[in-house]
Amino acid sequence: MSSTVLSILFAVHLLAAVAWIGGLIVLALVVIPGVRRVLSGAAWAARSDQNPGEAILAELERRFTPLANLSLVVLITTGMLQMSADENYGGFLQFNNTWAWAMLFKHLAVIGMAAIAGYVALALEPERRRLQMLAAAKRPDTEARQHLNRRRVRLAKLNLVCGLLTLLFSAVATAQ
């Protein structure tokens, strides 16, 4: 079997595992408790200026962010240990085989994901809080809120693309 076909099989396999196990984790630790909290009124009272959809998404994001950050630290730590032990690893910035190039592109995709997360946390989240305070003071900026929500959705889609590329390049490296 060619390494290209094997890479595709690994990528599909990893994607299925991520979708299944990741979905279960997010559902159990983020979605169900977050929706329960918002619908029970505990979080709803603090976000009376938001519509129910915005309140639920804000609560889910609040619960998911620590899990995502912990996952990123674990992935980086375990990945570096695995990479240095791999027989294809030729040293820092040594790109003498397909495995090394796949790892480079994988790491670039991970850096992209981390940059998006940093931008959301350091730029978009403060803006969301500012708009929420304006709405609570009865001076809502609906146009800015909609623009912010559209940016968040575009960044989430871009983050998904980076995640899929990470899995693809992991599969290519694994097939080598």
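Residues numbered from 1 in each chain as written. Predicted model: local features only at pLDDT ≥ 70, side-chain atom pairs only at ≥ 80, totals over all residues. Heavy atoms only, no water.

1. A look at the packing of aromatic side chains
Each aromatic ring pair is described using two quantities: the centre-to-centre distance and the angle formed by the ring planes.
At step 1: If you walk through the whole model with that rule in mind, you get three aromatic pairs.
At step 2: With a centroid separation of 5.6 Å and 35° between ring planes, the pair formed by Phe105 and Phe169 is classed as tilted. Residue Phe105 is found in helix H3 (residues 98–136), and its partner Phe169 is found in helix H4 (residues 142–175); the two are separated by 64 residues along the sequence.
At step 3: Three or more aromatic residues link up through ring pairs in this structure, and these residues are Phe95, Trp101, Phe105 and Phe169. (Phe/Tyr/Trp six-rings, centres within 6.5 Å; stacked < 30°, edge-to-face > 60°. Helix = DSSP H or I, 4+ residues; strand = E, 2+ residues; numbered from the N terminus.)

2. Quick word on the packing of H3 against H4
At step 1: Contact geometry of H3 with H4 gives a least axis separation of 9 Å together with a crossing angle of 165°. Classified by the interaxial angle, the pair formed by H3 and H4 is roughly antiparallel. Like other packed secondary-structure pairs, H3 and H4 cross with a definite hand, here left-handed.
At step 2: Broken down by class, the residue content of the contact of H3 with H4 amounts to 22 nonpolar, seven polar and seven charged. (Axes fitted to C-alpha atoms, helices over the stretch in contact; angles between N-to-C directions. Parallel < 35°, antiparallel > 145°, perpendicular 65-115°, else oblique. Left-handed = near helix turned anticlockwise from the far one by under 90°. Nonpolar A, V, L, I, M, F, W, Y, C, P; charged D, E, K, R; others polar.)

3. Looking at the nonpolar core
At step 1: In terms of nonpolar packing, the biggest core is built from eight residues, these being Ile116, Val120, Leu124, Leu131, Leu134, Leu148, Leu155 and Cys162.
At step 2: Mapped by element, the contributors of at least two residues to this core are H3 and H4.
At step 3: If you tally residues by element for this core, the top one is H3, at five residues.
At step 4: Excluding residues that lie within four positions of it along the chain, Cys162 makes contacts with Ala109, Gly112, Met113 and Ile116.
At step 5: In terms of nonpolar packing, the next biggest core, distinct from the first, is built from seven residues, Met83, Ala100, Ala102 and Met103 among them. (Core = buried A, V, L, I, M, F, W, Y, C linked by side-chain atoms within 4.5 Å. Buried < 20%, exposed > 50% of the residue type's maximum accessible area, 1.4 Å probe, protein only. Contact = heavy atoms within 4.5 Å.)

4. Considering the environment of Ala58
At step 1: Assignment of secondary structure puts Ala58 in helix H2 (residues 52–85).
At step 2: Relative accessible area serves as the criterion here: at 11%, Ala58 is assigned to the buried category.
At step 3: A sequence separation of 67 residues divides Ala58 from Glu125, and the C-alpha atoms of the two residues are 9.9 Å apart.

5. A look at the side chain of Ser170
At step 1: Mapped onto the fold, Ser170 is located in helix H4.
At step 2: For Ser170, a relative accessible area of 12% gives the class buried.

6. As for the side chain of Arg152
At step 1: Residue position: Arg152 is located in helix H4.
At step 2: In this structure Arg152 touches Glu61, Val120, Leu124, Glu125 and Arg128, once residues within four positions along its chain are discounted.

7. Some thoughts on the confidence of the model for the protein
At step 1: Confidence in the prediction of the protein, expressed as mean pLDDT, is 79, and 93% of residues score 70 or more.
At step 2: H3 holds the highest mean pLDDT among the elements of the protein, 85, whereas helix H1 (residues 3–40) holds the lowest, 76. (pLDDT = per-residue confidence, 0-100.)

8. Some remarks on a nonpolar patch on the surface
At step 1: A surface patch of nonpolar side chains, amounting to about 830 Å² of accessible area, comprises Tyr89, Phe92, Leu93, Phe95, Trp101, Phe105, Leu108 and Ile111.
At step 2: Mapping Tyr89 onto the fold places it in the loop between H2 and H3.
At step 3: For Tyr89, a relative accessible area of 30% translates into the label partly exposed. (Patch = residues over 30% accessible without salt bridge, like charges linked within 9 Å, V, L, I, M, F, W, Y side chains within 5 Å. Areas by Shrake-Rupley, 256 points an atom, 1.4 Å probe, with all protein chains shown as cover. Salt bridge = Lys/Arg side-chain N within 4 Å of Asp/Glu carboxyl O.)

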